[in-house]
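Structural characterization, general
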Amino acid sequence: MCADPAAHPGAAAGLGECGDRVTDAEALWTLVGHPVPAVRLHAISGLRALDVVVRERLTPSLDDPSPAVVRAATRALLPEAAGIPEHLLRERSAPERPRAVRVAADRLLRAAGRQRRPEPGYW
């Protein structure tokens, strides 16, 4: 089913639940760059399930145009939040960024113990 991910986007999450860390992780990493947002979302969920999230490879997904993908990437990166350079998160919390990106950056800053004070009217 992962051979045709656009037809079966949830297959990537299933691969993460019952796949192998060694043989299936790279297939999931490939799907993180798929043009269909649902495939990217499920690929990130699969990486989390296999426990093969690599902070440096997943951090660019915080800028994904799909809010669902940004949320999935944030959940996957929470345990690694302290390792994400603070300036990258602060840039993403700027008012001109999409709401999903700002919320993700703030969540990761809090998880890393680098609480950001929201501007008036932010929420």
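A short tour of the structure in this document, coming up.

Reading the values: the criteria
- Residues numbered from 1 in each chain as written.
- Predicted model: local features only at pLDDT ≥ 70, side-chain atom pairs only at ≥ 80, totals over all residues.
- Heavy atoms only, no water.
- Helix = DSSP H or I, 4+ residues; strand = E, 2+ residues; numbered from the N terminus.
- Buried < 20%, exposed > 50% of the residue type's maximum accessible area, 1.4 Å probe, protein only.
- Contact = heavy atoms within 4.5 Å.
- Areas by Shrake-Rupley, 256 points an atom, 1.4 Å probe, with all protein chains shown as cover.
- Lys, Arg positive; Asp, Glu negative; His and termini not counted.
- Charge placed at Lys NZ, Arg CZ, Asp CG, Glu CD.
- Salt bridge = Lys/Arg side-chain N within 4 Å of Asp/Glu carboxyl O.

Side note on the overall build of the chain
- What the chain contains, in helices and strands, is seven helices and zero strands.
- Along the chain direction, N to C, the helices and strands of the chain fall in the order α-α-α-α-α-α-α.
- Projected onto the principal axes, the alpha-carbon positions of the chain cover approximately 45 × 25 × 15 Å.
- Sorting the 123 residues of the chain into buried and exposed places 41% on the buried side.
- Sequence separation of 24 or more characterises 57% of the internal contacts of the chain that already satisfy a separation of 6 or more.
- When the accessible surface of the chain is totalled, it reaches about 6600 Å², and 55% of it is carbon and sulfur.
- Side-chain charges in the chain split into 17 positive and 15 negative, and the spacing between the mean points of these groups amounts to 8 Å.

With respect to the pattern of salt bridges
- All chains considered together, the criterion is met by seven salt bridges.
- Here Arg40 makes a salt bridge to Asp64, at a shortest N to O gap of 2.7 Å. Remark: Asp64 occurs in the loop between helix 4 (55–58) and helix 5 (67–77) and Arg40 occurs in helix 3 (residues 37–50); sequence separation between them is 24 residues. In terms of burial, Arg40 and Asp64 fall into one category: buried.
- The structure contains a network of salt bridges with shared partners spanning Arg55, Glu56 and Glu80.

Any functional reading would require information beyond the geometric quantities listed.
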